[in-house]
Amino acid sequence: MALTGLQIQKLLPKTNCKECGCNTCLAFAMKLAAKKAELSECPYASDEAKTVLGAASEPPVKCIELGADKKLKLGAETVLYRHEKTFVNQTALAVNINDTDDPAYIDKTLETIKNYVLERVGEKLSIDMIAVTHKKSGDSFTALAEKAWKTCGKPLILRSADAHALAAAAAAVKGSGSVLFAAESAFAGVLKQAASENGHALAVSAPDMDELASLTAEMKSGGFNNLLIGFQTHNLAELFQTHSIARRAALKDDYKPFGYPTVHFIDDEDFFSVQVNAITSISKYGGICVLPFFDPAMLASLMTLRLNIYTDPQKPIQVEPKIYPVGEPDENSPVFLTTNFSLTYFIVSGEIENSGTSAWLTVPECEGMSVLTAWAAGKFSGASIAKFIKSTDLEKMVKTRQIIIPGYVAQISGELEENLPGWKVLVGPQEAGDIESFVKARIRK
Ligand code: SF4
């Protein structure tokens, strides 16, 4: 059962030394109770406190670290809905290859996975993992696992129904921080040993949720907790329901047997079916989602969806405040103005590009707010914009002394002209979508 802040405070040193960053031990205890701090932040916690609080202060969904450098993190979530706080570690996306696939197809897929990068709102997104599935007898599974690891250097999900083949492949990619999929009751011991000896995580699976819960609890009490869970679902409704029930049980009832990230394989060849399955997995708490093939159009939409869900709603994505060239502007090119909220920046720069004109885009510091929000918060005023422009080389870069401001903040034009002597302010369109017609009518007359 979860402890309250007062119960936790009784176990702390009560010296109020502030080394944990809180003013009092009680404040730190409250943060621990809310799972917003970790006991290790108090250097003076007694062994008794560690024993009692260790379990109580564990995040409701365990953080599993994958990869040789342990940089791929899954789980550690504390809320059911993104708007309550934020989701922490996004669903890892993987692409599957089988040991029965054509060698040329395997080579091409591995090279594609290695080199795939999608750029969205200034972030570079790539495929997180590779799943290797065992279908053929012989040593081809182990050889393919080694090849995938050597070619891409990404953590793997090794999938086999043969526990001994899985253990052999696990040893061959020792240190890659991969996942063995999946331990059912019969071979749980063999696979736990293979995962533990070779530094991998282990996904456990069972035909029903009760059996799965018993298996994770048994593994944990046996001293192995580097676990993921693979629910055996047969349709979209089951996937949605099972993931929701498990996450709710872990977060709301502190039910530890379901407090692990999930692994979901999509074994389907139909494009739309795969897409809908993956969307459900990403939207409903998926830890790892394995796609059956590589498709750039599908990945672009899934990664964009994932980015939307897993960005912190309290911290807008920002671009660096500076003067951006759009196209190949020169000293006679027009100067536009917008805020440093990523989405606004990318939309405005895209629309300037679409208009076929090259321009300078002035982006002052607005704490990542959109135009009207920044203006209402006093972060996008004539004075602050003028101050920013003077701190840059814009006046040396352009001969023109005309700046186009967003139509929504027409009211700052006078203040901006006052603070920027020699400049003329031109009020642009309210919507970025109207930039093209604005450029045609007012700039390239
Ligand atoms: Fe109390 Fe420990 Fe924080 Fe010091 S570091 S204030 S002892 S909780």
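A quick note: this is a predicted structure, and the numbers were derived from the prediction, not measured.

We now examine the side chain of threonine 91. Considering the arrangement of structural elements, one finds threonine 91 in the loop between strand E2 (72-74) and strand E3 (92-98). By relative accessible area, threonine 91 is classed as buried at 0%. There is a polar contact of 2.9 Å between the side chain of threonine 91 and the backbone oxygen of glycine 286. Every residue in contact with threonine 91, bar those within four places of it in the chain, is listed here: Asp128, Ser281, Ile282, Gly286, Gly287, Ile288, Cys289, Arg306 and Tyr310.

Before going further, it helps to examine the state of the cysteines. With the rule as written, the count across this model stands at 0 disulfides. The thiol sulfur of cysteine 22 is not disulfide-bonded, and the nearest other cysteine sulfur, from cysteine 20, lies at 4.3 Å.

A few words now on the sheet that holds strand E13 (residues 322-326). Taken in spatial order, the 5 strands of this open sheet run E13-E15-E14-E16-E17, and their pairing is mixed. Looking along the sheet, the strands with just one partner apiece sit at the ends: E13 and strand E17 (424-427). Taken pair by pair, the neighbouring strands of this sheet meet at an average axis angle of 30 degrees, ignoring direction. Running at roughly 165 degrees to strand E15 (residues 359-363), helix H12 (residues 342-354) makes contact with E13, strand E14 (335-337) and E15 of the sheet.

Turning next to the domain arrangement of the chain. Accessible area lost on assembly of the parts is the figure often given for the size of an interface. Taken domain by domain, the chain consists of domain 1 (5-57), domain 2 (64-309) and domain 3 (322-443). Taking only C-alpha atoms into account, the centre of domain 2 sits 45 Å from that of domain 3.

Turning our attention to the side chain of threonine 242. Position of threonine 242 among the secondary structure elements: in helix H9 (residues 236-252). A distance of 2.4 Å separates a polar side-chain atom of threonine 242 from the backbone oxygen of glutamate 238. Setting aside chain neighbours within four positions, we find threonine 242 in contact with Met209, Phe231 and Thr233.

Right, let's talk about the environment of glutamate 218 for a bit. In this fold, glutamate 218 is placed in helix H8 (residues 209-221). Counting along the chain gives 30 residues from glutamate 218 to alanine 188, while the straight-line C-alpha distance between them is 9.7 Å.

Another aspect to go through is the pairing of strand E6 (residues 129-133). Of all 5 residues in E6, 5 are buried; the element is thus mostly enclosed. Residues Met129, Ala131 and Thr133 point to one face of E6 and Ile130 and Val132 to the other, with burial holding for every one of them. By the bridge criterion, 5 bridges tie E3 to E6 in an arrangement that is parallel. Bridged to asparagine 96 within E6 is alanine 131. With 4 bridges connecting them, E6 and strand E7 (residues 156-159) associate as parallel partners. The residue bridging threonine 133 from the neighbouring strand is arginine 159, located in E7. One crossover worth recording links E6 to the parallel E7 by way of helix H5 (residues 140-152), and it is right-handed.

Conventions and cut-offs
- Residues numbered from 1 in each chain as written.
- Predicted model: local features only at pLDDT ≥ 70, side-chain atom pairs only at ≥ 80, totals over all residues.
- Heavy atoms only, no water.
- Helix = DSSP H or I, 4+ residues; strand = E, 2+ residues; numbered from the N terminus.
- Buried < 20%, exposed > 50% of the residue type's maximum accessible area, 1.4 Å probe, protein only.
- Polar contact = N/O pair within 3.5 Å; in protein donor to acceptor, adjacent residues only side chain to side chain.
- Contact = heavy atoms within 4.5 Å.
- Disulfide = S-S within 2.5 Å.
- Pairing = 2+ DSSP bridges.
- Axes fitted to C-alpha atoms, helices over the stretch in contact; angles between N-to-C directions.
- Domains from an automatic or database assignment.
- Right-handed = clockwise from strand over helix to strand, strands pointing away.

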